[in-house]
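# Observations on chain architecture
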Amino acid sequence: MTVVPQYLRSCAAMDAGLHKASLSIKEIEIIKLTVSQESGCDYCLAAHTMISKGAGLAEVEILAARHGTPSGSTKSDALSKFVRSAVRTTGTVPANV
């Protein structure tokens with residue numbers, strides 16, 4: 001993946017928005033891991049995997065966010081599923097997600 005300035009600006013805007021929301025650091029990293037996996041960015045996956053470990057996510061939670069597998073947390077799984085759907089549908093999330 002080639003990193004272009006527009007992509008970096010989009011990432012910075014997403015990051016700023018996430019930190020304004022009432023999400024925990026773990027929830028933010030679940031979002032970032034899911035988006036990184038869906039976009040296929042190896043650099044982002046590596047970075048957010050390390051950051052997620054530092055934020056206290058367990059290995060099972062990290063893998064679940066990346067691959068859409070159960071993590072043991074209904075809330076985390078729902079967040080990852082919603083984000084995955086938003087990325088795949090360019091923001092048009094079905095009502096049943």
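Structural notes, computed from the coordinates.

## Structural notes on the overall build of the protein
- A tally of regular secondary structure across the protein gives 5 helices and 0 strands.
- If you list the helices and strands of the protein from N to C, you get α-α-α-α-α.
- Here the C-alpha radius of gyration of the protein, 13 Å, is about what a compact globule of 97 residues would show, namely 13 Å.
- With the C-alpha coordinates aligned to their principal axes, the bounding extent of the protein is approximately 35 × 35 × 25 Å.
- By the burial criterion, 29% of the 97 residues in the protein qualify as buried.
- Sequence-distant contacts in the protein: of pairs separated by 6 or more residues, those separated by 24 or more amount to 40%.
- When the accessible surface of the protein is split by element, carbon and sulfur atoms take 60% of a total near 6000 Å².
- Both charge centroids of the protein, one from 10 positive and one from 8 negative side chains, sit 4 Å from each other.

## Digging into helix α5 (residues 74–88)
- Spanning 15 residues, α5 covers 21 Å between terminal C-alpha atoms, matching the ideal 21 Å at 1.5 Å per step.
- By the burial criterion, the buried members of α5 are Ser-76, Leu-79, Ser-80, Val-83, Arg-84 and Ser-85.
- Where the residues of α5 are buried, they touch α2 (25–39) and α4 (59–67).
- Just beyond α5, the residue with positive phi is Thr-90, at close to 50°.

## Description of the packing of α4 against α5
- Two elements in contact, α4 and α5, have axes whose closest approach is 9 Å; the angle formed by their N-to-C orientations is 25°. Judged by the inter-axis angle, α4 sits roughly parallel to α5. The two elements α4 and α5 cross, and the hand of that crossing is right-handed. The segment α4 lies against α5, with Ala-64, Ala-65, Arg-66 and His-67 engaging Asp-77, Ser-80 and Arg-84.
- Each residue belonging to the contact of α4 with α5 can be placed in one class, and the counts come to 2 nonpolar, 2 polar and 3 charged.

Thresholds applied
Residues numbered from 1 in each chain as written. Predicted model: local features only at pLDDT ≥ 70, side-chain atom pairs only at ≥ 80, totals over all residues. Heavy atoms only, no water. Helix = DSSP H or I, 4+ residues; strand = E, 2+ residues; numbered from the N terminus. Rg over C-alpha atoms; globule rule 2.2 N^0.38 Å. Buried < 20%, exposed > 50% of the residue type's maximum accessible area, 1.4 Å probe, protein only. Contact = heavy atoms within 4.5 Å. Areas by Shrake-Rupley, 256 points an atom, 1.4 Å probe, with all protein chains shown as cover. Lys, Arg positive; Asp, Glu negative; His and termini not counted. Charge placed at Lys NZ, Arg CZ, Asp CG, Glu CD. Expected span 1.5 Å × (residues − 1). Axes fitted to C-alpha atoms, helices over the stretch in contact; angles between N-to-C directions. Parallel < 35°, antiparallel > 145°, perpendicular 65-115°, else oblique. Left-handed = near helix turned anticlockwise from the far one by under 90°. Nonpolar A, V, L, I, M, F, W, Y, C, P; charged D, E, K, R; others polar.

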